[in-house]
Amino acid sequence: MSHREGLRTDSIYFTLNGSPFRILGGSIHYFRVPRPYWRDRLLKLKACGLNTLTTYVPWNLHEPEKGVYCFSEQLDLEAYIHLAAELGLWVILRPGPYICAELDLGGLPSWLLRDKNMKLRTTYLGFTTAVNSYFDKLIPRVAHLQFKRGGPIIAVQVENEYGSYAKDEQYLMFVKEALLSRGITELLLTCDNREGLKCGGVEGVLQTINLQKLTYGAIQYLADLQPQKPLLVMEYWCGWFDVWGEPHHVFSAQDMTAVLKELLDRGVSINLYMFHGGTSFGFMNGAVDLGSYKSQINSYDYDAPLSESGDYTNKYHLLRNLLRSFQNEELPHLPAVQGKQVYEPVVLSEHISLWESLQCVDRPFSSDDPVNMEDLPVNHNSGQSYGYTLYETTIYRGGALNSRNHVRDRALVFVDKHFSGVLDYRTQEIVLPQSERERILSLLVENCGRVNYGPALDKQRKGLVGDITLNHTPLKKFTMYSLDMTHNFINRLQSLKWKSTNQNPLYPAFFRGSLIVEGQPRDTFIKLPGWRKGVVIVNGQNLGRHWSVGPQDTLYLPGPWLKSGDNQLIVFEEHRAEGKVHFAENPQHGKITDVSRQLFCTLL
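Residue indices follow the written sequence of each chain, beginning from 1 at its first position. Residue-level local features of this predicted model are given only where pLDDT is at least 70; pairs of side-chain atoms are given and counted only at 80 or more, and the full residue set underlies all totals for whole chains, interfaces and linings. With hydrogens and water excluded, all non-hydrogen atoms of the structure serve as input to the side-chain values.

Engineer: Break down the sheet that holds strand β8 (residues 206-211) for me, with residues and values.
Structural biologist: DSSP-based pairing: two strands are paired if at least 2 bridges between them are found. A run of DSSP states H or I qualifies as a helix once it reaches four residues; a run of E qualifies as a strand once it reaches two. Both are numbered from the N-terminal end. Read around the barrel, eight strands follow the order β3-β4-β5-β6-β7-β8-β9-β11 and close on themselves; strand pairing throughout is parallel. Neighbour-to-neighbour, the strand axes of this sheet turn through a mean angle of 30 degrees, independent of strand direction. Here strand β6 (residues 153-157) runs beside strand β7 (residues 187-192); their pairing, made up of three bridges, is parallel. Bridging across to β7, Ala 155 finds its partner in Leu 187. In this description, a line fitted to the C-alpha atoms serves as the axis of each element, helices being fitted only across the stretch in contact, and the angle between N-to-C directions of two axes falls anywhere from 0 to 180 degrees.

So, in structure tokens, the structure goes:
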């Protein structure tokens with residue numbers, strides 16, 4: 001192979017293989033898009049006039065248990081990069097180890113928190129040892145796909161927005177050396193918002209900026225910081241993420257294209273975050289906590305140019321028209337739109353209570369004091385990462401049950417299986433009915449998503465993270481059940497005897513029914529009017545949470561996850577079931593708000 005000169009930053013313009021080059025990038029995360037749709041989404045990215053694919057690499061998904069690695073099927077990163085190369089796209093890889101990405105714990109595996117002294121994103125030995133082990137597995141899978149070795153990877157990002165965290169001056173150098181020592185030879189870069197640029201850099205690494213509006217002289221500040229270097233907006237936020245209980249965020253297509261045109265006219269390279277957001281399926285979502293905890297929804301639509309289900313939007317067409325004027329060649333034809341199907345409503349005719357399902361759980365664990373999820377002796381001693389944990393103990397009186405703010409994040413409280421109330425960040429005390437007989441107190445505690453951004457990262461242990469009291473006396477002698485709703489749990493659940501829904505269900509409960517698909521399955525959206533809160537599982541695939549507080553009123557169900565004939569739907573419901581599952585052609589997002597009016601986004 002002849003010598004190839006990678007991406008260079010010797011002047012105010014990038015060069016690639018010695019020729020001028022402008023990065024026109026778009027972010028699509030392989031782990032948020034069903035693998036059968038990877039090609040479709042990348043073709044639509046290229047047809048829009050973009051030349052570069054960017055993606056994060058989620059450590060928590062690739063190493064779900066300590067020492068257990070997953071790089072196949074939906075997580076086949078090499079196949080994703082090979083596909084980009086086949087379609088003529090360059091790749092900027094963002095391997096972390098921390099990635100934010102609105103993922104649980106910012107993409108860091110929760111088993112790290114089993115170390116009570118853990119200091120995430122620092123040179124603390126417990127953290128760097130784990131990073132080194134992970135990079136030993138990850139980097140050899142991608143190093144041979146670098147540009148200089150004939151592959152499409154033209155740049156690699158060092159960590160992510162560290163200037164907004166900045167707890168350890170040596171940390172970025174550690175990550176840089178961890179990449180270099182394992183064979184990364186392409187251009188290295190960091191990314192930060194304007195404020196983060198002040199302390200987010202590392203010697204020999206190009207700094208880039210994240211923004212949405214051209215305020216506070218951000219681009220000029222970056223130019224002054226790195227004279228005679230090319231400018232790259234690594235994350236141009238063309239929308240925003242959503243949290244439960246608040247409106248769906250949008251950003252005007254006209255405002256987006258106006259900012260992008262100004263950037264492109266100034267010769268700036270860009271990467272759209274997100275070009276296509278996809279879905280945080282299952283329990284993948286993160287949370288924000290900048291004074292108050294807010295859990296993120298499963299839809300990662302992000303008001304991006306391609307919708308959650310891969311449809312073209314007005315934003316896509318305006319963007320394509322803008323980028324056309326910066327091309328020397330005709331743009332590819334637009335790929336066809338995927339068909340949708342509004343299936344007939346499905347009656348969930350069977351149910352089984354949570355209490356009956358406990359026989360499907362791995363061996364329960366007993367302890368004098370409540371144990372947080374991460375420290376439970378489950379999953380080969382990697383602890384519990386996601387879902388629910390049931391804590392049970394015996395009480396002999398009623399009175400004031402106080403969480404002492406030790407519930408992470410939301411607990412349903414039951415006395416002898418009768419619902420008594422909810423404990424969360426806002427409600428930290430409820431009153432239990434009086435009785436002097438022996439009763440079982442149960443708390444079903446849900447991890448609603450670990451914070452993915454900000455200084456609270458080290459405080460993301462879930463479940464009961466300390467004592468709870470009854471009439472000011474700490475409760476003791478707990479039995480704990482890990483309910484992470486894995487494939488194994490769902491398979492065991494199927495073998496139990498389910499009851500007809502004509503009998504009154506004892507909540508929480510699982511409900512089951514069949515969707516009959518005739519012909520080729522197509523994408524659809526699940527609606528659950530009249531239901532309150534829970535989880536939806538189709539053919540063993542956890543689609544994510546449903547919650548009547550919105551803004552997400554539908555769950556995306558990809559066609560490839562269905563099959564012709566009988567498809568099994570299971571809905572876990574905490575409070576109240578309506579009995580039917582409905583379907584829609586398009587998503588429903590409830591109330592809408594302009595992201596540019598949100599103070600948090602403006603500050604970033």
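Engineer: For the nonpolar core, give the residues involved together with the corresponding values.
Structural biologist: To qualify as a nonpolar core, a set must consist of buried Ala, Val, Leu, Ile, Met, Phe, Trp, Tyr and Cys residues joined through side-chain atoms within 4.5 Å. For every residue, the accessible area (1.4 Å probe, protein chains only) is compared with the maximum for its type, and the residue is labelled buried under 20%, exposed over 50%, or partly exposed between those bounds. Ranked by internal contacts, the top residues of the largest apolar core, which has 131 residues, are Tyr 236 and Ile 526. In what follows, residue pairs with any heavy atoms lying within 4.5 Å of each other are defined as contacts. What Tyr 236 contacts, discounting residues up to four positions off in sequence, is Leu 211, Gln 212, Phe 251, Asp 255, Met 256, Val 259, Leu 260, Leu 263, Asn 271, Leu 272 and Tyr 273. The next biggest cluster of nonpolar side chains, apart from the first, holds 26 residues, and it includes Cys 360, Tyr 481, Phe 489 and Phe 510.

Engineer: Tell me what's going on with the packing of helix α7 (residues 253-265) against helix α8 (residues 314-324), and back it up with residues and numbers.
Structural biologist: At their nearest, the axes of α7 and α8 sit 10 Å apart, and the two run at 20 degrees to each other. Here α7 is positioned roughly parallel relative to α8, judged by the angle of their axes. As for how α7 packs across α8, the hand of that crossing is right-handed. Seen from α7, the contacting residues are Ala 253, Gln 254, Met 256, Thr 257, Leu 260, Lys 261 and Leu 264; seen from α8, they are Asn 314, Lys 315, Leu 318, Leu 319, Leu 322 and Leu 323. Gly falls in the polar group here, along with every residue not listed as nonpolar (Ala, Val, Leu, Ile, Met, Phe, Trp, Tyr, Cys, Pro) or charged (Asp, Glu, Lys, Arg). Across the contact of α7 with α8, the residue classes tally to eight nonpolar, three polar and two charged. Any angle that falls under 35 degrees is termed roughly parallel, while one over 145 is termed roughly antiparallel, one within 65 to 115 roughly perpendicular, and all others oblique. Whether a crossing is left-handed or right-handed is set by the direction in which the near helix is turned from the far one by less than a right angle, anticlockwise for left-handed and clockwise for right-handed.

Engineer: Which residues make up the sheet that holds strand β35 (residues 580-584), and what values do they have?
Structural biologist: Ordered by their spatial adjacency, four strands build an open sheet running β14-β35-β30-β33, and the pairing between neighbours is antiparallel. What marks the edges here is a single partner per strand, and that holds for β14 (346-347) and β33 (554-557). Pairing of β14 with β35 involves two bridges; the strand directions are antiparallel. Within β35, the position partnered with Val 346 by the bridge is Val 581.

Engineer: I'd like a description of the environment of Ile 28, backed by residues and values.
Structural biologist: With respect to the helices and strands, the residue Ile 28 is situated in strand β3 (residues 24-28). Note: C-alpha distance between Ile 28 and Gly 67 (39 residues apart in sequence) is 27 Å. What Ile 28 contacts, discounting residues up to four positions off in sequence, is Val 33, Arg 41, Leu 42, Leu 45, Leu 53, Thr 54, Thr 55, Tyr 80, Met 274, Phe 275 and His 276.

Engineer: I'd love a proper account of the state of the cysteines, names of residues and values included.
Structural biologist: Pairs of cysteine sulfur atoms within 2.5 Å are what we label disulfides. Here the structure, examined in full by the defined rule, presents zero disulfides. Lacking any disulfide linkage, Cys 191 is separated from the closest cysteine sulfur, that of Cys 100, by 9.3 Å.

Engineer: Explain the pairing of strand β30 (residues 524-527) to me, using residue names and the numbers behind them.
Structural biologist: The two faces of a sheet get side chains in turn, since along a regular strand they alternate between them. With four bridges joining them, β30 and β33 adopt antiparallel strand pairing. Within β33, the residue paired with Thr 524 across the bridge is Leu 557. Here β30 pairs with β35 via three bridges, running antiparallel. Looking across to β35, one finds that Phe 525 is bridged to Ala 584.

Engineer: How would you explain α7 if you had to name every residue and give the values?
Structural biologist: Take the residue count of a helix, subtract one, and multiply by 1.5 Å to get its expected span. Taking 1.5 Å as the rise per residue, α7 with 13 residues should run 18 Å; its terminal C-alpha atoms sit 18 Å apart, in good agreement. Of the surrounding elements, those touching the buried residues of α7 are β3, α6 (218-225), β9 (232-237), β11 (269-276) and α8. Its side-chain oxygen placed 3.2 Å from the backbone nitrogen of Gln 254, Ser 252 serves as the N-cap of α7. Immediately beyond the C-terminal end of α7, within one or two residues, lies Gly 267, with a positive phi of roughly 85 degrees. Pairing of N or O atoms within 3.5 Å defines a polar contact, subject to two protein rules: one partner must be a possible hydrogen donor and the other a possible acceptor, and residues neighboring in sequence count only if both atoms are side-chain atoms.

Engineer: Tell me about unusual backbone geometry, residues and numbers included.
Structural biologist: With an omega of -5 degrees, the peptide bond running from Tyr 273 to Met 274 counts as cis. As for its position among the elements, Met 274 is in strand β11. Geometrically, the link from Arg 408 to Asp 409 is a cis peptide bond, its omega value of 15 degrees lying close to zero. Mapped onto the secondary structure, Asp 409 falls in the loop between β19 (407-408) and β20 (410-415). Phi at Asp 303 takes a positive value of approximately 50 degrees, unusual for a residue other than glycine. Tracing the backbone shows Asp 303 in the loop between β13 (293-295) and α8.

Engineer: If you had to explain the packing of aromatic side chains to someone new, which residues and values would you point to?
Structural biologist: Stacked, tilted and edge-to-face are the three classes applied to pairs of Phe, Tyr and Trp rings, where Trp contributes its six-membered ring and a pair requires centres within 6.5 Å; stacked means planes under 30 degrees apart, edge-to-face means over 60, and tilted covers the rest. For the structure shown, the criterion picks out 34 aromatic pairs. Measuring from ring centre to ring centre gives 5.3 Å for Tyr 300 and Tyr 302, while their planes differ by 55 degrees; the resulting arrangement is tilted. Judged by relative accessible area, Tyr 300 falls into the buried class, the value being 3%. These aromatic residues form a ring-pair network of at least three members: Trp 59, Trp 111, Phe 127, Tyr 134, Phe 135, Tyr 162, Tyr 165, Tyr 171 and Phe 174. Seen from the ring of Tyr 312, Lys 44 lies directly overhead, with NZ or CZ sitting 5.2 Å from the centre. Note on criteria: charge over ring means Lys NZ or Arg CZ within 6 Å of the ring centre, with the direction from the centre no more than 35 degrees off the ring normal.

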